[in-house]
Amino acid sequence: MNAPVLSGMPSASPHLAAARMDDIESFYAMEIMREATALEAAGRSIIYLCVGEPDFVAPEAVMAAADAAARRGDTHYTVALGIEPLRRAIAGFYQTRYGFALPAERVAVTAGASGAMLILFGTLVNPGDEWLMPDPTYPCNRRFVSLFGGTTKLIPCSAAENYQLTPQLVEQHWGPNTRGVMLASPSNPTGTTVPPDAMRGIRDVVRGKGGALVVDEIYHGLTYTKATTASPDSTRFTEEPTSLALGEDVFVINSFSKYFSMTGWRLGWLVAPASHMPHIEKLAQNLFICPPTIAQNAALECFTPSSLRIYEERRAQFAARRDYLVSALRTLGFKIPNTPEGAFYVYADVSALSDDSFRFCSEVLHGAGVAITPGRDFGDVDAHKYVRFTYTIDIAQLTEVVARLTTFLKR
Ligand SMILES: Cc1ncc(COP(=O)(O)O)c(C=O)c1O
C-alpha cells in the first residue's frame, strides 16, 4: 500500500518508528501541564509546582560574558571536550569547594547533564547489559541505557532507605548481566542524599563486581544543612562530599542547569577515569561536535567569588522555601517521612488524602489551580501514593499555594 500523501509530500508511516520507541514513555507531568495550560488559557489562575528548574536566571556577569562572546564572534565549534579554560575552571572548583585535586584532563564539558549521560552510557553500555537504579528515580536515566540496548532494574527504595540505594540493596540485586549502578544524590524526585558511608559501601560492592558507578551530582550546591560552626542566620551550608573522592573509577555527572540556574544554556560536565577519556572524546566528537560555545564562554564567569555569592544567597532562599513548604504540607496531611536534604523537590505521600496520586494531581489542578507532578513519572513501586512538589517559586507564591490547598482539602 502506498504511503498517504499530504499536500504533495509523502508522510512517514507509523511502522517506520524504531521498536524501542514503544518502550519510551512521555512524562505524565506533561499531561498535567497540558491540562494546566488549557485551564490557564480559559482564564484560570494556575501556579506551577511541576517544573524542575530554578526560577532564577544566570547572574548579570554570566550574561555579559555570553553577550561579549557572541559579539566578538566566539561562536564557532570548539574542541569536543570543551575549551581548556572552562575545563580548568571546573577542575579548580573541585579544589576550592571540596578540597579535591582533579586534573582538568578528566573533565569533559557537555550539552547539559543529559548530553553527559548520552555520551557516558554510549561508552559503557553493551546490548543486554543491566543497570541498577533506585525506584523512584529521574525518568530519563533509564532511556540512556535502553537507547544502547541495555536494560534497567529499578530497585524499590522506600522512606526507610531514604528513597536511595544502599550497599545491601546493590549486593542483593546484582545479577549475572549487571554492569553498573546509577544514582543521584541529592535525588530527583525526593531531594534525599546518600550518606557518605553508604556511598563508599556502594562503591565497594560495585568495585568488587568489576562494574561501573555513575553518580549524578547535578543538585550539588543545593543542599540545606547549615554548617555547625556558622551562626544561625549565616548562609554557610555544609557541602555533600563529591563521590570523585571515592576513587578514580567513579564517574560523576554535573551541570550548570540547577545550582548555576542555566537550564536553557545546555551546559554540563562529566568526570571520568583518565583511561576512559579517549572513548568520551571520540563519542562527544561524533554525537555533538562540541558543547555550546557561547554558553561555555559565559560559564567561565560562574566560578568567580561574586557569582558564587549570588548562588549561595539563592541556596539560602531555597532552604527557606523548603522549610516553609515541608512544614505546611505536613500540617495539611501530606506524609513526608524524610525531610529532603537538597534539590528543590518535596516527594510527598498522599495516601492519607487519596488512593491514586495521578487522579489527585488532576483534582488539585482543577480544584486548587496548583500543578504538581504524579509519582508515576519516577518509578513503579508506590508511585500511586506519591506526588512531587517543586519549590522553584518564591515564599509569597508558596503561601498562596498552601492557602489554595487548605481550601481544596477542606471540601
Ligand atoms: C537528576 C537529574 N539529572 C539530570 C537532569 C538533566 O539536566 P540537564 O539540564 O543538565 O540536562 C535533570 C533535570 O531535571 C535531573 O533532575
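Residues numbered from 1 in each chain as written. Predicted model: local features only at pLDDT ≥ 70, side-chain atom pairs only at ≥ 80, totals over all residues. Heavy atoms only, no water.

### A closer look at the confidence of the model for the protein chain
Consideration 1: For the protein chain, the mean per-residue pLDDT works out to 94, and 95% of the residues sit at or above 70.
Consideration 2: pLDDT under 50 marks residues 1–8. Its contacts with residues more than four places away, or in other chains, come to four contacts. (pLDDT = per-residue confidence, 0-100. Contact = heavy atoms within 4.5 Å.)

### Concerning the site of the ligand
Consideration 1: Close to the ligand lie 13 residues, the nearest being Ser114, Asp216, Tyr219, Ser255 and Lys258.
Consideration 2: At 2.7 Å, a backbone N or O of alanine 113 approaches an oxygen atom of the ligand.
Consideration 3: Residue asparagine 188 places a side-chain N or O atom 2.8 Å away from an oxygen atom belonging to the ligand.
Consideration 4: Taking 400 Å² as the accessible area of the ligand by itself, protein coverage stands at 93%.
Consideration 5: Given that more than half its atoms are within 2 Å of the pocket grid, the ligand belongs to the largest pocket.
Consideration 6: Top element by residues in the shell around the ligand is helix α4 (residues 112–124). It accounts for four residues.
Consideration 7: Broken down by class, the residue content of the shell around the ligand amounts to five nonpolar, five polar and three charged. (Near = heavy atom within 4 Å. Polar contact = N/O pair within 3.5 Å; in protein donor to acceptor, adjacent residues only side chain to side chain. Areas by Shrake-Rupley, 256 points an atom, 1.4 Å probe, with all protein chains shown as cover. 1 Å grid on protein atoms, 1.4 Å probe; cavity = no way out; pocket = protein on both sides within 12 Å on 5 of 7 lines; lining within 4 Å. Sits in = over half its atoms within 2 Å of the grid points. Helix = DSSP H or I, 4+ residues; strand = E, 2+ residues; numbered from the N terminus. Nonpolar A, V, L, I, M, F, W, Y, C, P; charged D, E, K, R; others polar.)

### Focus: the sheet that holds strand β8 (residues 212–216)
Consideration 1: Spatial ordering of the open sheet is given by β4-β10-β9-β8-β7-β5-β6, a layout of seven strands whose pairing is mixed. Strands at the two margins of the open sheet, each flanked by one partner only, are β4 (107–110) and β6 (151–156). When the angles between neighbouring strand axes are averaged without regard to direction, this sheet yields 20°.
Consideration 2: One ladder, built from four bridges, connects β4 with strand β10 (residues 268–271); its direction is antiparallel. Residue pairing for β10: alanine 108 is matched across the bridge by leucine 270.
Consideration 3: Strands in contact with helix α7 (residues 196–209) are β7 (178–184), β8 and β9 (250–255); relative to β8, the strand with the most contacts, it is inclined by about 150°. (Pairing = 2+ DSSP bridges. Axes fitted to C-alpha atoms, helices over the stretch in contact; angles between N-to-C directions.)

### Some points on the nonpolar core
Consideration 1: Of all hydrophobic cores here, the largest spans 124 residues; its most connected members are Tyr94, Val181, Phe256, Phe260 and Phe389.
Consideration 2: For this core, the element with the highest residue contribution is helix α10 (residues 305–332), accounting for nine residues.
Consideration 3: Not counting residues up to four positions away in its chain, the partners in contact with valine 181 are Trp131, Leu132, Leu165, Val170, Trp174, Ile202, Val206, Ala212, Leu213 and Val214. (Core = buried A, V, L, I, M, F, W, Y, C linked by side-chain atoms within 4.5 Å. Buried < 20%, exposed > 50% of the residue type's maximum accessible area, 1.4 Å probe, protein only.)

### Quick notes on the sheet that holds strand β13 (residues 373–374)
Pairing between sheet strands relies on hydrogen bonds along the backbone, with the strands arranged either parallel or antiparallel.
Consideration 1: The three strands lie next to each other as β11-β14-β13, forming an open sheet whose pairing is antiparallel. The outermost strands of the open sheet, each flanked by one partner alone, are β11 (345–349) and β13.
Consideration 2: Sheet analysis places β13 next to strand β14 (residues 386–390), joined by two bridges and oriented antiparallel. Paired with proline 374 across the two strands is valine 387, which belongs to β14.

### Concerning the packing of helix α11 (residues 357–368) against helix α12 (residues 395–410)
Consideration 1: Where α11 contacts α12, the axes come no closer than 10 Å and their chain directions differ by 105°. Between α11 and α12, the interaxial angle falls into the category roughly perpendicular. For the pair formed by α11 and α12, the contact residues are Phe360, Glu363, Val364, Gly367 and Ala368 on the first element and Arg404, Leu405, Phe408 and Leu409 on the second.
Consideration 2: A per-class count over the contact of α11 with α12 returns six nonpolar, one polar and two charged. (Parallel < 35°, antiparallel > 145°, perpendicular 65-115°, else oblique.)

### What to know about the layout of surface pockets
Consideration 1: Considering only enclosed or pocket space, the largest pocket measures out at about 590 Å³ in volume.
Consideration 2: Every residue lining the largest pocket is counted, 31 residues in all, and those nearest its centre are Phe27, Gly52, Tyr138, Asn188 and Lys258.
Consideration 3: Every element with two or more residues in the lining of the largest pocket is listed here: α1 (28–41) and α4.
Consideration 4: Among the elements that take part in the lining of the largest pocket, α4 stands out by supplying four residues, more than any other.
Consideration 5: Classifying every residue of the lining of the largest pocket by side-chain character gives 17 nonpolar, eight polar and six charged. (Points joined across faces, edges and corners; volume = space filled by probe spheres on them.)

### Some words on the side chain of threonine 392
Consideration 1: Along the chain, threonine 392 falls in the loop between β14 and α12.
Consideration 2: Accessibility expressed as a relative area gives 7% for threonine 392, which makes it buried.
Consideration 3: At 3.4 Å, the side chain of threonine 392 and the side chain of threonine 390 are in polar contact.
Consideration 4: Leave out the neighbours within four places in its chain, and threonine 392 touches Val51, Glu53, Pro54, Asp55, Phe318, Arg321 and Phe344.

### Points about α12
Consideration 1: In this model α12 runs 22 Å from its N-terminal to its C-terminal C-alpha over 16 residues, within 8% of the 22 Å that 1.5 Å per residue would give.
Consideration 2: The complete set of buried residues in α12 reads Leu398, Val401, Val402, Arg404, Leu405 and Phe408. The buried residues of α12 occupy an angular sector of 165° when the element is viewed end-on, so they sit on one face. Seen from the open side of α12, the exposed residues pointing more than 90 degrees away from its buried face are Ala396, Thr407 and Lys410.
Consideration 3: Elements that come into contact with the buried residues of α12 comprise β3 (47–48), α10, α11, β12 (370–371) and β14. (Expected span 1.5 Å × (residues − 1). Arc of directions from axis to C-beta.)

### Examining the environment of threonine 242
Consideration 1: Among the secondary structure elements, threonine 242 is positioned in the loop between β8 and β9.
Consideration 2: Since its relative accessible area comes to 5%, threonine 242 is described here as buried.
Consideration 3: Setting aside anything within four residues of it in sequence, one finds threonine 242 in contact with Tyr94, Tyr98, Phe100, Glu217 and His220.
Consideration 4: Here glutamate 217 takes part through its side chain, which lies 3.0 Å from a polar atom of the side chain of threonine 242.

### Observations concerning a negative patch on the surface
Consideration 1: A cluster of acidic side chains, namely Asp22, Asp23, Glu25 and Asp380, defines a negative patch on the protein surface.
Consideration 2: Mapped onto the secondary structure, glutamate 25 falls in the loop between β2 (9–10) and α1. (Patch = residues over 30% accessible without salt bridge, like charges linked within 9 Å, V, L, I, M, F, W, Y side chains within 5 Å. Salt bridge = Lys/Arg side-chain N within 4 Å of Asp/Glu carboxyl O. Lys, Arg positive; Asp, Glu negative; His and termini not counted. Charge placed at Lys NZ, Arg CZ, Asp CG, Glu CD.)

### Brief notes about the pairing of β14
Consideration 1: Burial of β14 is extensive: five of the five residues sit out of reach of the surface.
Consideration 2: Across the two faces of β14 the burial is the same, with Tyr386, Arg388 and Thr390 and Val387 and Phe389 all buried.
Consideration 3: Where β11 meets β14, five bridges bridge the pair, whose relative direction is antiparallel. The partner of tyrosine 347 across the bridge, within β14, is arginine 388.

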